[in-house]
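# Descriptive analysis of the structure
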Amino acid sequence: MLPNNLVPVTFPVSQADIAGSEEHSALTLNPQDNLLVLEKTILSAPHYAGQAKNTLLEENDRHLKDRLFYAVKIEAIVTVLNELIEQEKINSADLQMLIEDKKLQISHHSQQIWVNQLTQEKSWPLFYSLDE
Amino acid sequence: MPMSELQFPPIQTAAPSDDTASDNTLLRENIAALVQIKNENIARIAQGQINITAALVEQKWHNRHQIYPYRVKDEIYGAVLSEIISHHPRLKTEVLARLEAVYQKLRDEEAQTLSRTRALLENSYKTPHL
């Protein structure tokens, strides 16, 4: 229901960073498997497995997955930016200025975002990459 | 759909902490709510009183409007993070590793509770602001 990774895997995540979350989940199901089991239970399309496909239910599932990914991704970015401020690696006023700057910049391209929703011609996101 | 067809994940029995126990209760409640929403959707569609093609066009239009603010926010906050990384190259690996670790933690949390999934389907989810 959620992709396995957010950051391209070419960036190795240090073991120290993930140790905490692994410890937390060690007693429970593997989250990967867990999400797969849950997906079968709560999404609509698997109900129709073996029957004629229902495009409306598939659209509902797809839309839920897309929104969930954005929700978790935005929460993750906000968490990391707040941590950078707490650690005084960036300054809060500078961050606010940068946000205003990017808001203005992206607002000039809002049409492009809308059009790409219709065409899905380019892959998301359109205006940044964490991958270069 | 009869209750017996519902597949609940097994209860985790390995020495649950209080947190795990309350996560389990929350997960079960959220699954029950999500399955009910799903069944209502399926029932509505299966009644055969709606034109699937017309409903699909309408649904896609509605969904585009609903996801658009998420895309815009992602573009803005992502561009902010990307710019910070480009100005502080020394931070790059650390920031990306931390981003991935936070993502894994949130993903794990979602697998334990499904709280966001439910809030999204009930239209009560709000993305955080900076």
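Figured I'd write up the structure that's included with this text. The model shown is predicted, which means the values in this text are computed figures rather than measured ones. (Residues numbered from 1 in each chain as written. Chains lettered and ligands numbered in written order. Predicted model: local features only at pLDDT ≥ 70, side-chain atom pairs only at ≥ 80, totals over all residues.)

It is worth spelling out the nonpolar core at this point. Judged by nonpolar contacts, the single largest core of 44 residues is most densely connected at Ala76(A), Ile77(A), Val80(A), Val80(B), Leu81(B) and Leu99(B). Of all the elements in the fold, those that place two or more residues in this core are α2 (31–42), α3 (55–86) and α4 (92–107) of chain A together with α1 (18–46), α2 (52–87), α3 (92–113) and α4 (115–121) of chain B. A total of 11 residues in this core trace back to one element, the largest contributor, which is α3(A). Of the domains in this structure, domain 1 (1–90) and domain 2 (92–132) of chain A are the two that each give at least three residues to this core. Those residues in contact with Val80(B) that lie beyond four places of it in its chain are Leu81(A), Leu98(A), Ile99(A) and Lys102(A). (Core = buried A, V, L, I, M, F, W, Y, C linked by C-beta atoms within 7 Å. Buried ≥ 20, exposed ≤ 12 C-beta atoms within 10 Å, placed from the backbone. Helix = DSSP H or I, 4+ residues; strand = E, 2+ residues; numbered from the N terminus. Domains from an automatic or database assignment. Contact = placed C-beta atoms within 7 Å.)

A word on the interface of chain B and chain A. Taken together, the contacts link 65 residues of chain B with 68 residues of chain A. Breaking the side of chain B that touches chain A down by element, the ones donating at least two residues are α1, α2, α3 and α4 of chain B. It is α2(B) that provides the largest number of residues to the side of chain B that touches chain A, a total of 24 residues. Classifying every residue of the side of chain B that touches chain A gives 37 nonpolar, 13 polar and 15 charged. (Nonpolar A, V, L, I, M, F, W, Y, C, P; charged D, E, K, R; others polar.)

Positionally, Val95(B) belongs in helix α3. Val95(B) gets classed as buried once you count the C-beta atoms within 10 Å, which come to 23. Through-space distance from the C-alpha of Val95(B) to that of Leu27(B) is 31 Å; in sequence the pair is 68 residues apart. Each residue touching Val95(B), except ones within four places of it in the same chain, is listed here: Val80(A) and Ile85(B).

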